[in-house]
Amino acid sequence: MSVNKEVKKVTTHIIQAMKSKGEKISMLTAYDYSMARILDAAGIDILLVGDSASNVMAGHETTLPITLDQMIYHAQSVVRAVQRALIVVDLPFGSYQGNSTKALSSTIKIMKESGAHAVKLEGGVEIEESVRRILSAGVPVMGHLGLTPQSIYKFGTYTVRAKEEAEAKKLIEDSKALEEMGCFAIVLEKIPAILAKQVSENITIPTIGIGAGPHTDGQVLVTHDLLGITKDFQPRFLRRYLELFDAIKAAVEQYITDVKSRDFPNEKEQY
Ligand code: KIV
């Protein structure tokens, strides 16, 4: 696609400046070219090629099955569509845990093959070596604390995290550690609003919340949830802006009726 030179691209520095100015940061997930074009045209600040693609695009129950090559395929499609937004790609499960050399090679593969701008990893001090190694290669890193879906079998459920004091204390320490390592932002997923407020006030890098209340420096949602395409997923934190499952179903039902009744195509819709 041709590049519009007048568009000011969002960078990690701009994201940091937004926190300093008190301007909220908007982030959504994107996995394909057509949707990414719409979200970018609307002016979204950050597009996350999330490993939630495993659920939303591939129909898996968890984020664990998606592979590095599949993430790269999604990221390539998004990169081709975007002129303005900062594009962050999730390192998928198994591509970084417990092995910082692998973390760096996974990151380099994503950056080289997709053209994205940054990566996101789940975890705190336990992934320090990986985060430091990636940052030393000059790749911006976004952290992710709270409910970290790649650890679902450790947690056992998708309920709110860090309600207990010990887990809240560790989350505060982890956020400080990620800031100190050099991460440019941190996603806080499904934690009490009061804890997210404390974390956001305690660190200088932006926090982006999902189910973490109004005090984070930005908000992120899964686009298919916001648009009502994933009809059955209705957590309390989700605001649906459309009911696209119903709208698309009604349109397709009408199309089927029109085909069966020979109404489509009509005289103007042929050569
Ligand atoms: O993969 C994803 O969509 C995410 C968001 C929920 C933050 O990590």
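Details of the structure are given in the entry above.
Residues numbered from 1 in each chain as written. Predicted model: local features only at pLDDT ≥ 70, side-chain atom pairs only at ≥ 80, totals over all residues. Heavy atoms only, no water.

A. Region of the structure containing unusual backbone geometry. The linkage connecting phenylalanine 264 with the following residue, proline 265, adopts the cis geometry, with an omega of -5°. In this fold, proline 265 is placed in the segment after α11 (244-260). The backbone of alanine 162 sits at a positive phi, close to 60°, despite the residue not being glycine. Inspection of the secondary structure puts alanine 162 in the loop between α7 (152-155) and α8 (165-181). (Helix = DSSP H or I, 4+ residues; strand = E, 2+ residues; numbered from the N terminus.)

B. Local environment of the site of the ligand. With respect to spatial proximity, the complete set of residues near the ligand consists of Thr29, Leu48, Gly50, Asp51, Ser52, Asp90, Lys120, His144, Val187, Glu189, Ile210 and Val222. Take aspartate 51: an N or O atom from its side chain is 3.0 Å from an oxygen atom of the ligand. Side-chain polar atom of serine 52 to an oxygen atom of the ligand: 2.5 Å apart, as the coordinates give it. Relative to its unbound accessible area of 260 Å², the ligand is 95% covered by the protein chains. (Near = heavy atom within 4 Å. Polar contact = N/O pair within 3.5 Å; in protein donor to acceptor, adjacent residues only side chain to side chain. Areas by Shrake-Rupley, 256 points an atom, 1.4 Å probe, with all protein chains shown as cover.)

C. Quick peek at the side chain of aspartate 217. Along the polypeptide, aspartate 217 turns up in the loop between β7 (207-210) and β8 (218-221). Polar side-chain contacts of aspartate 217 include one of 2.8 Å to the side chain of lysine 19. Not counting chain neighbours up to four residues away, the residues in contact with aspartate 217 comprise Lys19, Glu23, Lys24, Ile25, Ser200, Ile205, Pro206 and Thr207. (Contact = heavy atoms within 4.5 Å.)

D. Highlighting the nonpolar core. With 73 residues, the main nonpolar core has Ile46, Leu47, Leu121 and Leu188 as its most contacted residues. Ignoring any residue separated from it by four or fewer positions in sequence, one finds isoleucine 46 in contact with Ile15, Ile25, Ser26, Met27, Leu28, Leu86, Val88, Met142 and Ile208. (Core = buried A, V, L, I, M, F, W, Y, C linked by side-chain atoms within 4.5 Å. Buried < 20%, exposed > 50% of the residue type's maximum accessible area, 1.4 Å probe, protein only.)

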